[in-house]
Every structure is written in C-alpha cells, then in structure tokens.
Amino acid sequence: MDVEKIKKMASECLNCKNPLCRKGCPISTNIPGFIQKIKDGNLEEAYYILQQNNIMSEMCSNVCFFEECCEGKCVKGIKGESVKVSTLEKQVNLWANKNNIEYKEVLPESNNIKVAIIGSGPAGISCRS
C-alpha cells in the first residue's frame, strides 16, 4: 500500500476529544498520536510512536483482538465502519521495514538493581532494564 492510501485511511479518524480507541487498547498505545503523524505524512514518527510503547508492534498488529479493543471502541464505528487501526499499524511497520527505519531506544542509566523475568510472553520479551 502506498503512502497516499495510508494517509487517506488515516484521514478517516475523527480526532475524538476523548479517544476511546486508546482506552480500549490493552497496552494504551497512543493511537491518536500515531494516526496524526500518518495524516501529516510522517510515517517515520508514527513508527517511533508505535515502537516507544511496544517494541513488538509488528507482531502485535497481527495477533491483537483489535475488533474488541481499539477498533471495537472507535466512536466512528457506532454508526458505520471504525477506523482500521490494525491495518494502519501493519502498514506503518511494513513501510519502516521497507525503508530500513530502525528505532533506537534510549535507556536510562542503570541503577544496578537486578530483576528476574519469569515467562517468555510479550511482557517478558519486551521487558526493559
């Protein structure tokens, strides 16, 4: 999908004053923020917003129950079709991969406290020091 099609899809967002999509997201992704960056034509910043919240955004956009979460809470969906948040997330991640965009996380200085991570699910894999 080309950038113009992605921007057109993002333009369907109503920029709600009280974005229920974000409240419906189990990990509180800044959905309005990343959609606004797409509308502005800045897919790189949209990608960074997704990565700041979830370094596994690419995988999660494929397995999340978005119909019940963000898209299920979309105000636009009350009278019609909701904004396709998962499709936008997938397209931003595909665009970033195609354009060799990498997210460089800036970690705070270590406090030398050690922790153990139990489990190898998304929370354990993405746990940051």
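Please read these numbers as outputs of a predicted model, since none were measured by experiment.

Chemist: It is not clear to me how the environment of Ile27 should be interpreted in this structure. Could you clarify?
Modeler: Note that Ile27 resides in the loop between helix 2 (20-24) and helix 3 (31-39). Classification of Ile27 as partly exposed rests on a relative accessible area of 42%. For the pair Ile27 and Phe66, spaced 39 residues apart in the sequence, the C-alpha separation amounts to 12 Å. Apart from residues lying up to four places away in sequence, Ile27 is in contact with Asn53 and Asn54.

Chemist: Before we go on, may I ask you to explain the packing of helix 3 against helix 7 (residues 85-98) in this structure?
Modeler: Each packed pair of helices is defined by two parameters, the angle between the axes and the distance between the axes. Close contact between helix 3 and helix 7 brings their axes to 11 Å; oriented N to C, the two are set at 60°. The orientation of helix 3 with respect to helix 7, classified from their angle, is oblique. Crossing of helix 3 against helix 7: the hand is left-handed. The segment helix 3 lies against helix 7, with Ile31, Phe34, Ile35 and Ile38 engaging Val85, Leu88, Glu89 and Val92.

Chemist: Can you walk me through a nonpolar patch on the surface in this structure?
Modeler: A contiguous nonpolar surface patch, about 360 Å² in accessible area, is contributed by Leu14, Leu20, Val75 and Ile78. Position of Val75 relative to the elements: it lies in the loop between helix 6 (70-73) and helix 7.

Chemist: What is the right way to read the pattern of salt bridges from this model?
Modeler: Oppositely charged side chains are able to pair whenever their charged atoms sit close together. As enumerated under the stated definition, the model contains four salt bridges in all. Note that Lys84 and Glu81 form a salt bridge whose closest N and O atoms lie 3.5 Å from each other. Owing to a relative accessible area of 29%, Lys84 belongs among the partly exposed residues under this scheme. A salt bridge links Lys104 to Glu102; its shortest N-O distance comes to 3.1 Å.

Chemist: It is not clear to me how unusual backbone geometry should be interpreted in this structure. Could you clarify?
Modeler: One can expect most non-glycine residues to show negative phi and most peptide bonds to be in trans. Here Ser28, not a glycine, exhibits a phi torsion of approximately 55°, which is positive. Among the structural elements, Ser28 can be located in the loop between helix 2 and helix 3. Ser28 sits in the partly exposed class, given a relative accessible area of 39%. Phi at Asn100 is positive, roughly 55°, even though this residue is not glycine. Secondary-structure assignment places Asn100 in the loop between helix 7 and helix 8 (122-125).

What counts, and at which threshold
Residues numbered from 1 in each chain as written. Predicted model: local features only at pLDDT ≥ 70, side-chain atom pairs only at ≥ 80, totals over all residues. Heavy atoms only, no water. Helix = DSSP H or I, 4+ residues; strand = E, 2+ residues; numbered from the N terminus. Buried < 20%, exposed > 50% of the residue type's maximum accessible area, 1.4 Å probe, protein only. Contact = heavy atoms within 4.5 Å. Axes fitted to C-alpha atoms, helices over the stretch in contact; angles between N-to-C directions. Parallel < 35°, antiparallel > 145°, perpendicular 65-115°, else oblique. Left-handed = near helix turned anticlockwise from the far one by under 90°. Patch = residues over 30% accessible without salt bridge, like charges linked within 9 Å, V, L, I, M, F, W, Y side chains within 5 Å. Areas by Shrake-Rupley, 256 points an atom, 1.4 Å probe, with all protein chains shown as cover. Salt bridge = Lys/Arg side-chain N within 4 Å of Asp/Glu carboxyl O.

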